[in-house]
Amino acid sequence: MPLLQVSGNKSFTIDYINNCFLKDGKPFQYISGSIHYSRIPQYYWKDRLTKMYMTGLNAIQVYVPWNFHETVQGVHNFTGDRDLEHFLDLANQTGLLVILRPGPYICAEWEMGGLPAWLLMKPNIVLRSADTEYMQAVSNWLAVLLPKIKPWLYINGGNIISVQVENEYGSYHMCDYNYMRQLRSLFRYFLGEDTILFTTDGNTDKEMTCGSLQGIYATIDFGTENNISDAFARQRRFEPRGPLVNSEFYTGWLDHWGDQHAVVDAQKVSRMLGEMLTMGASVNMYMFEGGTNFGYWNGADHDNRFRSVVTSYDYDAPLTEAGDPTEKLLAIRDVIKQYREVPSGPMPPATPKFAYGFVTLRKIGNFSSLLKTLSPMGPIQSQYPLTFEQYYGYMLYRTTLPRDLSGPTPLICPLNGVHDRAYVSVNGVYRGLLVRDTTLVMNITGQQGDTLDVLVENMGRVNFGSKINDYKGLLSNLILGKDILTDWKIYPLDIDGAIAGGWPQSSTARGKEPSVGPTFYTGTLEPNGLARDTFLKLPEWTKGQVWINGMNLGRYWPSRGPQQTLYVPGPLLSTTMPNNITVLELEGAPAHLRVLFMDWPQLSITAKKP
C-alpha cells in the first residue's frame, strides 16, 4: 500500500451552526459522482477518474460489494480488479475525495445487493437485522474491511471524507433500530469517533424514519421527477441542522430484460443540479459512470414478479459504459463551472473503438457430453433437489424417468420453485423451458430409465426489497404426472474455471450445425495488431453467456432486449495471439453461427449508429 502523506491537521467535520461541511476548517460543498470499481476493468480506473476530475467533480462515491471480495466464506480477495486500496490511491492521486459506501448491504442493482449468497446456507438467517448469525458474519467482514479503510480516511491523511452505514435501510421492511445501532458501534470501533458516518434514504417519511439513526448524519436521495424544495424539507425534518445532501441524484436509470432502454433528459439533470448547488447543497450524481455487470454480478428486482437486470449498467450516465464523455457530461460541466473552478485542459477523449467484423463459431457439444470437464468434482447425491447458494451461474440436476411415458406427460414445478430458468432435456435432447413466475408446466415423453437433465440458470439474486433472500436452483420438488421425482444427481458447474484453465481449444470444436437447447460454441478472433474496445453482437442468437480469453462478459438476450451488444474492453484482447471466444447458447443458435464485433454499442432494439 502506498504511504499516505499527512500534512498538518486535516479535518472534515459538520458545521451545524452554518449548515455546511468544513474541510480543514473552511466551508466545503462537494460535487460528486458515483463510480463502481467492480464494474470497470482495473486498466481503465485511472481514465474514468481523470474524466470525472476534468468535469469539475471534487469527490466520487464508491460502493464496496461484500460478495465481490468474499465470494467464498472466509476467503478474501483484494487483488486485480478487486484491489480497493489501489482504486482509492488512484482517486487520491487524481485529486478526488471519496464518499465510501461499504454496506454491508449496497443494493446497486448488484447480485443480492452485495450480500454473499453463502449467507443463505444458514436456513433461519434474517438478513439486514440484528439476527445473531447475520451479525456474526457482518462483524467478521467489517473486521477485515474497515481496518483497510481506516488509513484512507481524510483525517488520517487519505481521501475518504465520509462513510455510509448500511444503505437505504428505510426501504427495507425490517425497520430494526437495534441492527442499525450495532452497525454504528462496529463502524465507530474500527474507524474512530471523528469519522462522519451517514445514512441515505429515499424521499418518503417512512424511508427516512426507518433508515435514520441518532449519531449518523441523515441524507436523502431523489431524481429529476422530484421537487427539490420538498425533498430537502423532508431531510430537514430528520436532520434540522447541517448541510443539505442529495446522496443519489439520478442522472439515468437501470434496465431490466424486456424494458425500454432508460433515458433521462440531460437538460433536466443539469438544470436541477444547478438549482441544488445554488442552495448550497452537496450533491452526488448516481451514476456518473455505470460500467458493466460482467459475469453473473447483475441483480434483479421483485415487485409483483422477478425481473432480472441486464448486463450493461450504462445507466444513461454522463460517461458511457465504455467511459466515453456524452452531451450530458458537457452540460453538467457547464453547470459546475458556475460554482467552482473546473480544471483547465482538454477532456480526455473517448477510447478508440474497432469493428473487428464477423467471426464464425463451431459447435463443441451439450452439457451431457461435457460434464467431466464442467463439473470435475462430480455430482452431489440427494433424494430431493437442493438449492445452490454457494454457486453462481448454472447448476445441472439429473435423474431418470421413473416409468414409461406413453404420451405427453406434464412436468410440473409447483410452488413456483424454479429460480430462475430451467432448460429440460431427455437423453440429451432438448424438450423445453420452465420459467419462474410464467411457465411452471411443460410436457415430456420418454421411457423408464431415460436420463432427465434440468439445467437451472440463476439470472441474478434480488438486490432490493423484502425478497433479497432469493434462493436459487430448484426450490421445490418436480412432479412428473403424479410422481414426485427423486434420487437426483446435482452437478455444480464450474464453467468459468474450465474456460479460465484453457478449455475449450478451437481444435475440440466438432461441427458447423447448431443444436437446440444448451450448447457450447467456440471460435477465434484473429489478432490484427489492435487491442481496441469493441462491442459484440449476437444476431439471431437467442439467450446465453459469452467468454472471451477467459473473461465472462455477461449474459446476452437480444430477442428480449433492450440490450443488443456486449461491451468488450480492449485490454482483454491480444494483439498477437488468437482471441478465444466461447458462447453458451441456452435455447437455439442461428444456422450461420456468426457473431459480430462492432465499433458502437446498441443498448436498445431500435438504436441506430450515432
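Numbers given to residues run from 1 along each chain, matching the order in which its sequence is written. Local features in a predicted model are, by the rule used here, given only for residues with pLDDT of at least 70; side-chain atom pairs are given and counted only at 80 or more, and totals for whole chains, interfaces and linings are based on all residues. Excluded from the side-chain calculations are hydrogens and water; all other atoms, namely the structure's heavy atoms, are used.

Participant: Just give me the short version of the overall build of the protein chain, but keep the residues and values in it.
Facilitator: Across its full length, the protein chain carries 11 helices and 34 strands. The C-alpha atoms of the protein chain give a radius of gyration of 25 Å, which matches the 25 Å a tight globule of 610 residues would have. Seen through its C-alpha atoms, the protein chain measures out along the principal axes to roughly 80 × 55 × 45 Å. Burial classes: relative accessible area under 20% of the type maximum marks a residue as buried, over 50% as exposed, and values in between as partly exposed (1.4 Å probe, protein chains only). Counting across all 610 residues of the protein chain, residues that qualify as buried make up 61%. When checking whether two residues touch, look at their non-hydrogen atoms; a contact exists if any pair is within 4.5 Å. Counting only contacts in the protein chain whose residues sit at least 6 apart along the sequence, the fraction spanning at least 24 positions is 79%. Put simply, DSSP marks the helices as runs of H or I at least four residues long and the strands as runs of E at least two long, and each gets a number from the N terminus on. With the radius of gyration taken over C-alpha atoms, the globule rule is written as 2.2 Å times the number of residues to the power 0.38.

Participant: Tell me about the state of the cysteines, and please be specific about residues and values.
Facilitator: Any pair of cysteine sulfurs within 2.5 Å is marked as a disulfide. By the definition in use, this model includes 1 disulfide. The partner cysteine of cysteine 175 in its disulfide is cysteine 210, sulfur to sulfur 2.0 Å. Between cysteine 175 and cysteine 210, the disulfide has an S-S torsion of -90 degrees and is therefore left-handed. On the criterion of sequence distance, the pair formed by cysteine 175 in the loop between strand S7 (160-164) and helix H5 (177-191) and cysteine 210 in helix H6 (residues 205-211) is long-range, its members being 35 residues apart. The exposure class assigned to cysteine 210 is buried, which follows from its relative accessible area of 9%. No disulfide involves cysteine 107; its nearest neighbouring cysteine sulfur is the one of cysteine 210, lying 17 Å away.

Participant: Talk me through the pairing of strand S2 (residues 20-23); I want residue IDs and the actual numbers.
Facilitator: Two faces, one strand: in a regular strand the side chains alternate between the faces of the sheet. Note: two strands are recorded as paired if DSSP finds a minimum of 2 bridges between them. Pairing geometry for strand S1 (residues 12-15) and S2, over 4 bridges, is antiparallel. Paired with aspartate 15 across the bridge in S2 is cysteine 20. A loop of 4 residues connects S1 with S2, the two strands running antiparallel in sequence, and asparagine 19 in this loop sits at a positive phi of about 55 degrees. As defined by bridge partners, S2 adjoins strand S3 (residues 26-28) across 3 bridges and the pair is classed as antiparallel. Across the sheet, the residue bridging to leucine 22 is proline 27, located in S3.

Participant: A description of helix H4 (residues 132-149) should follow, citing residues and the corresponding values.
Facilitator: Working note: α-helix, 3.6 residues per turn, so residues spaced by three or four point in the same direction. With 18 residues, H4 should reach 26 Å at 1.5 Å per residue; the first-to-last C-alpha distance of 25 Å fits that figure. Here the bend at each residue means the angle between axes fitted to two seven-residue stretches, the one ending at that residue and the one beginning there. The sharpest bend along H4 reaches about 30 degrees and sits at leucine 142. Taken together, the buried positions of H4 are occupied by Tyr134, Met135, Ala137, Val138, Trp141, Leu142, Leu145, Leu146 and Ile149. Tucked into the core, H4 has its buried residues touching helix H2 (66-69), helix H3 (84-94), strand S6 (97-101), S7 and H5. Here a polar contact means two N or O atoms within 3.5 Å. Within protein one must be a hydrogen donor candidate and the other an acceptor candidate, and residues neighboring in sequence count only if both atoms are side-chain atoms. If you check the start of H4, you find a side-chain oxygen 3.3 Å away from the backbone N of glutamate 133, and it comes from aspartate 131. Expected span, for any helix, means 1.5 Å times one less than how many residues it has.

Participant: Could you give an account of helix H9 (residues 327-336), with specific residues and numbers?
Facilitator: The element H9 is largely enclosed, with a buried count of 7 among its 10 residues. Among the residues of H9, Lys328, Leu329, Ala331, Ile332, Arg333, Val335 and Ile336 are the ones counted as buried.

Participant: Break down the UniProt feature "active site" (unreviewed entry) in the protein chain for me, with residues and values.
Facilitator: Here, the residues flagged by UniProt with the feature "active site" (unreviewed entry) are Glu168 and Glu248. Taken together, the annotated residues stretch across 81 residues yet fold into one region, lying no more than 10.5 Å apart by C-alpha. On the secondary structure map, glutamate 168 appears in the loop between S7 and H5. Residues in contact with glutamate 168, not counting those within four places in the same chain, are Arg128, Thr200, Asp201, Asp221, Glu248, Tyr250 and Phe464. Tracing the chain through its elements places glutamate 248 in strand S10 (residues 245-250). With residues near it in sequence (within four places) discarded, glutamate 248 still touches Tyr63, Arg101, Asn167, Glu168, Ile220, Asp221, Phe222, Asn284 and Tyr286. UniProt positions are given in the numbering used here, feature names are shortened, and annotations may be inferred rather than shown by experiment.

Participant: Any chance you could break down the pairing of strand S34 (residues 594-598) for me, citing the residues and the numbers?
Facilitator: Within S34, 4 of the 5 residues are buried, leaving the element largely enclosed by the surrounding structure. Bridge count between strand S14 (residues 357-360) and S34: 4 bridges; the pairing is antiparallel. Bridge pairing links threonine 360 to arginine 594 in S34. Bridge count between strand S29 (residues 534-537) and S34: 3 bridges; the pairing is antiparallel. When the sheet's bridge partners are listed, phenylalanine 535 is paired in S34 with methionine 598.

Participant: Can you explain the environment of valine 264? Please cite residues and give values.
Facilitator: Residue placement: valine 264 occurs in the loop between S10 and helix H8 (266-278). Among the residues examined, valine 264 registers a relative accessible area of 16% and is labelled buried. The sequence separation of valine 264 and phenylalanine 249 amounts to 15 residues, and the corresponding C-alpha distance is 12 Å. Filtering out sequence-adjacent residues up to four positions away, valine 264 remains in contact with Thr224, Tyr250, Thr251, Gly252, Trp253, Val269, Asp316 and Lys328.

Participant: If you had to explain the pattern of salt bridges to someone new, which residues and values would you point to?
Facilitator: Here, a salt bridge means any Lys or Arg side-chain nitrogen found within 4 Å of an Asp or Glu carboxyl oxygen. Evaluated as defined, the whole model comprises 26 salt bridges. Measuring nitrogen to oxygen at the nearest pair gives 2.8 Å for the salt bridge that ties arginine 101 to glutamate 248. Of this pair, arginine 101 sits in strand S6 while glutamate 248 sits in strand S10; the two residues are 147 residues apart in sequence, bridging distant segments of the chain. Among the ionic pairs, lysine 543 bridges to glutamate 457, the shortest N-O distance being 2.8 Å. Separated by 86 residues along the polypeptide, lysine 543 in the loop between S29 and strand S30 (544-548) and glutamate 457 in strand S23 (residues 451-457) bring together distant segments of the chain. Each of the two residues, lysine 543 as well as glutamate 457, counts as buried.

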